[in-house]
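So the chains spell out like this:
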Amino acid sequence: MGGLLAAGAVAGVLLSGGGETAGTAARPALTLVKAGEIDKAAETLPSDEKDKIVAEAKACRAPLGQMRLSKMAADAGGVVRIRAGNYLSPAFNVADGPINIAVPFPAPYETGKGEITIEGAAKDVFVELTPGLKIDTTGGVQRIPVIWNTSKPCGG
């Protein structure tokens, strides 16, 4: 349990960009990809949608959110996809190291809340939001209601 709490604290530090909304266990916060990090973050977007999503993020019309997936034990992991609104990510194999993932916000940015769904077959995966949480998608899907800070849509 202490390791889970420590991992949650680390996730909060890694993902908070200063002035971010503090989430709760019931509704964690999805943090913003800063303007200078959009190109690097875009590496996890589907190639057929990447140019459009990046252009929207750089023009500050539809910012990108970020999260990290990692397994919690040696026998944990699996393959998952992230659904955020109409967006569906490529498949990610949560295996050895953590995976940083960029996703469009699941609802219009100015609303400040939405839902992310993690789909696939994975066991004991840690989703680093603020705070982070453990998921198990062996049943198919895990719905995560999220919030975000709407005051700095361009990552300023």
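The structure contained in this document is the topic of the report that follows. None of the values given here were measured: they were computed from a predicted structure.

The residue after Thr-130, namely Pro-131, is reached through a cis peptide bond having omega -5°. Take Pro-131: it is sitting in the loop between β8 (125-128) and β9 (133-135). The backbone of Cys-60 sits at a positive phi, close to 65°, despite the residue not being glycine. The residue Cys-60 is located in the loop between α3 (47-58) and β2 (64-71) in this model. With relative accessibility at 24%, the residue Cys-60 sits in the partly exposed group.

Here Glu-128 shows up in strand β8. Taking the relative accessible area as the measure of exposure, Glu-128 reaches 8% and is therefore buried. For the pair Glu-128 and Arg-68, spaced 60 residues apart in sequence, the C-alpha to C-alpha distance is 5.0 Å.

Under the criterion given, the structure shown has 6 salt bridges. Linking Arg-61 and Glu-56 is a salt bridge whose minimum nitrogen-to-oxygen distance equals 3.3 Å. For Glu-56, a relative accessible area of 24% translates into the label partly exposed. Measuring nitrogen to oxygen at the nearest pair gives 3.4 Å for the salt bridge that ties Lys-123 to Asp-75. With Lys-123 in strand β7 (residues 113-123) and Asp-75 in the loop between β2 and β3 (77-84), the pair connects residues that are 48 residues apart, well separated along the chain. Looking at Lys-123, the relative accessible area reads 33%, which means it is partly exposed. Taking relative accessible area as the criterion, Asp-75 reaches 54% and is therefore assigned exposed.

Right, let's get into the side chain of Ser-89. If you trace the backbone, Ser-89 turns up in the loop between β4 (87-88) and β5 (92-94). The exposure class of Ser-89 is buried, given its relative accessible area of 1%. Separated by 2.8 Å, the side chain of Ser-89 and the backbone nitrogen of Ile-82 make a polar contact. Among all residues touching Ser-89, those that are not within four sequence positions of it are Arg-81 and Ile-82.

What counts, and where the lines are drawn
- Residue positions are counted from 1 within each chain, in the order its sequence is given.
- Since the coordinates come from a predicted model, pLDDT governs what is reported: local features require at least 70, and pairs of side-chain atoms require 80 or more to be given and counted, while whole-chain, interface and lining totals use all residues.
- With hydrogens and water set aside, each side-chain value is computed from the structure's full complement of heavy atoms.
- Helix numbering and strand numbering both begin at the N terminus, where a helix is a DSSP run of H or I of at least 4 residues and a strand a DSSP run of E of at least 2.
- Classification of residues uses two cut-offs on accessible area relative to the type maximum, computed with a 1.4 Å probe and protein chains only: under 20% is buried, over 50% is exposed, and between them is partly exposed.
- We define a salt bridge as a contact between a side-chain nitrogen of Lys or Arg and a carboxyl oxygen of Asp or Glu at a distance within 4 Å.
- Under the rule applied, a polar contact is a pair of N or O atoms within 3.5 Å (in protein, one hydrogen donor and one hydrogen acceptor; residues adjacent in sequence only if both atoms are side-chain atoms).
- What makes two residues a contact is simply this: any of their non-hydrogen atoms within 4.5 Å.

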